[in-house]
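Per-entry structural report
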Amino acid sequence: MEFGIVFLIVVIVLAVVVLKKTIVIIPQSETKIIERLGKYYSTLQPGINIIIPFIDKAKEMVALHRGRYVFTNTIDLREQVYDFDRQNVITKDNIQMEINALLYFQIVDPFKSVYEINNLPNAIEKLTQTTLRNIIGELELDETLTSRDTINTKLREVLDDATDKWGVKVNRVELQDITPPASVLQAMEKQMQAERNKRAAILTSEGEKQSLILKSEGEKQSAILQAEGLAQARIRRAEAEAIAINKITEAVGKSTNPANYLLAQKYIQALQDIASGEKTKTVYLPYEASNMMGAIGGIKDLFQIKE
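What this report covers is the structure whose coordinates are included nearby.

Rules used throughout
- Sequence positions are assigned chain by chain, starting from 1 and proceeding in written order.
- For a predicted model such as this one, the threshold for reporting local features is a pLDDT of at least 70, and the threshold for listing and counting side-chain atom pairs is 80 or more; totals across whole chains, interfaces and linings nevertheless cover every residue.
- To get the side-chain values, all heavy atoms of the structure are used, and hydrogens and water are removed first.
- In DSSP terms, a helix is any run of H or I states spanning at least four residues, a strand is any run of E spanning at least two, and both are numbered starting from the N terminus.
- Here, expected helix span is obtained from the residue count minus one, scaled by 1.5 Å.
- Residue burial is assigned from relative accessible area. The probe radius is 1.4 Å, only protein chains are included, and a residue is buried under 20% of its type maximum, exposed over 50%, and partly exposed in between.
- Only buried residues count toward a nonpolar core, which is a set of Ala, Val, Leu, Ile, Met, Phe, Trp, Tyr and Cys residues joined through side-chain atoms within 4.5 Å.
- Only heavy atoms enter the contact rule, under which two residues are in contact if any of them lie within 4.5 Å.
- Salt bridges are defined by distance alone: a side-chain nitrogen of Lys or Arg within 4 Å of a carboxyl oxygen of Asp or Glu.
- A residue counts toward a patch only above 30% relative accessible area and without a salt bridge, and it is joined to like-charged neighbours within 9 Å or, for Val, Leu, Ile, Met, Phe, Trp and Tyr, to nonpolar neighbours within 5 Å.
- Only the protein chains shown count as cover for residues, and all accessible areas are computed by the Shrake-Rupley method using a 1.4 Å probe.
- To obtain an axis, a line is fitted to C-alpha atoms, over the contacting stretch when the element is a helix, and the angle between two such axes runs from 0 to 180 degrees between their N-to-C directions.
- By the definition adopted for this analysis, an angle is roughly parallel if under 35 degrees, roughly antiparallel if over 145, roughly perpendicular if from 65 to 115, and oblique otherwise.
- By the definition used in this description, the sense in which the near helix is turned from the far one sets the handedness, with an anticlockwise turn below a right angle giving left-handed and a clockwise turn giving right-handed.
- For this classification, the nonpolar set comprises Ala, Val, Leu, Ile, Met, Phe, Trp, Tyr, Cys and Pro, the charged set comprises Asp, Glu, Lys and Arg, and every other residue, Gly included, is treated as polar.
- Polar contacts here mean pairs of N or O atoms no more than 3.5 Å apart (in protein, one a potential hydrogen donor and the other a potential acceptor; neighbouring residues in sequence count only if both atoms are side-chain atoms).

Overview of helix α3 (residues 120–137)
- Along its 18 residues, α3 runs 26 Å from first to last C-alpha, staying within 8% of the 26 Å computed at 1.5 Å per residue.
- Those residues of α3 that fall on the buried side of the exposure criterion are L120, P121, A123, I124, E125, L127, T128, Q129, T131, L132, I135 and I136.

Concerning the nonpolar core
- By size, the foremost hydrophobic cluster in this structure holds 33 residues, and its most contacted members are I99, L103, F105, L120, I124 and W166.
- Looking at this core, the element that brings in the most residues is α3, giving seven residues.
- Leave out the neighbours within four places in its chain, and I124 touches F84, L103, F105, T163, W166 and V168.
- I26, I34, L44 and I51 belong to the second largest nonpolar core, which has six residues in total.

Notes on the pattern of salt bridges
- For the coordinates displayed, the defined rule picks out five salt bridges.
- Across the pair D177 and R86 runs a salt bridge whose closest N-O atoms are separated by 3.4 Å. Highlighted residues: D177 in strand β13 (residues 168–179) and R86 in the loop between β10 (80–83) and β11 (87–90), separated in sequence by 91 residues.
- Put simply, R172 and E174 hold a salt bridge, and the shortest N to O gap is 3.9 Å.
- The class for E174 is partly exposed, based on a relative accessible area of 30%.

Topic: a nonpolar patch on the surface
- Taken together, I5, I9, V13, V17, V18, L37, I52, F54 and I55 make up a surface patch of nonpolar side chains, about 830 Å² in accessible area.
- The topology assignment puts I52 in the loop between β5 (47–50) and β6 (56–58).
- Judged by its relative accessible area of 36%, I52 falls in the partly exposed class.

What to know about the side chain of N152
- For N152, the position within the fold is in helix α5 (residues 148–163).
- The class of N152 is buried, set by a relative accessible area of 9%.

A word on the packing of α3 against α5
- The interhelical angle for the contact between α3 and α5, taken along N-to-C directions, is 140°, at an axis separation of 10 Å. By the angle between their directions, the pair α3 and α5 is classed as oblique. Every pair of crossing elements has a handedness; the one defined by α3 and α5 is right-handed. Residues I124, L127, T128, T131, L132, I135 and I136 of α3 form the contact with α5, whose own contacting residues are I151, K154, L155, V158, L159, A162 and T163.
- Residues that form the contact of α3 with α5 fall into these classes: ten nonpolar, three polar and one charged.

Let's talk about the side chain of S113
- Tracing the backbone shows S113 in helix α2 (residues 110–115).
- Polar side-chain contacts of S113 include one of 2.7 Å to the backbone oxygen of P110.
- Every residue in contact with S113, bar those within four places of it in the chain, is listed here: M61, I75, I107, L120 and W166.

Printed below as a string of structure tokens:
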């Protein structure tokens, strides 16, 4: 009786174990490679899958988990990111520096990722390192620092082409850090400081130049306006004198020459100016005094009424 109970328990346990090994539940975005008696049999799809226990077996592969290589029989089909350690690279102008790269890839063919390469994460890492060294070796330091997008594009294209036979799709590559040597950083800092000083000097010179130009333009405009003002004043005075002469001509033109009248006015005004001086003791009459008298006589004629 007791033997029968023990036998029944053993059968139930074996049934549970066999059932557990027969039914395989695959989560979404994951898969497993099944080998039957050591030969590829099928690639399991998400959901419930039935296999033959002890005959069918999931193929193990190497994966990177939290920075360590581990063996697993589950293949993750989601996009994965590898943060590689800093790599020493040498530029075309023989400058050694450190570069840290991020690689985003996705397994698109589980069969190739298992059977075409022994250690997929290690192969991708080594391929990334060598390709990065080759690309950086073709560029000078300045090009390396200013051409990240170009480097990322070239690196992605090379890696995507090389990993295609492993069933891997490289979606994106990003250079996270580019660290030149300390001496180069100091030289770059001095160069940038010199460039800033140069730009500041250029801006100062441009400002002074513009200031001088504006000042010259202002002086030019002021001189032009002043000259125009003088010209307008002279024109106005000439017009006023012309009007006065016309008036005099209208008044005296019939009796005498108006020029004699104007000349007499000038002589009289000049004599008044000479005589009005505070320290004037002697008054010199001009040599042409007789002419002045004649001009004054002409004034007398202004008041004569022509018969």
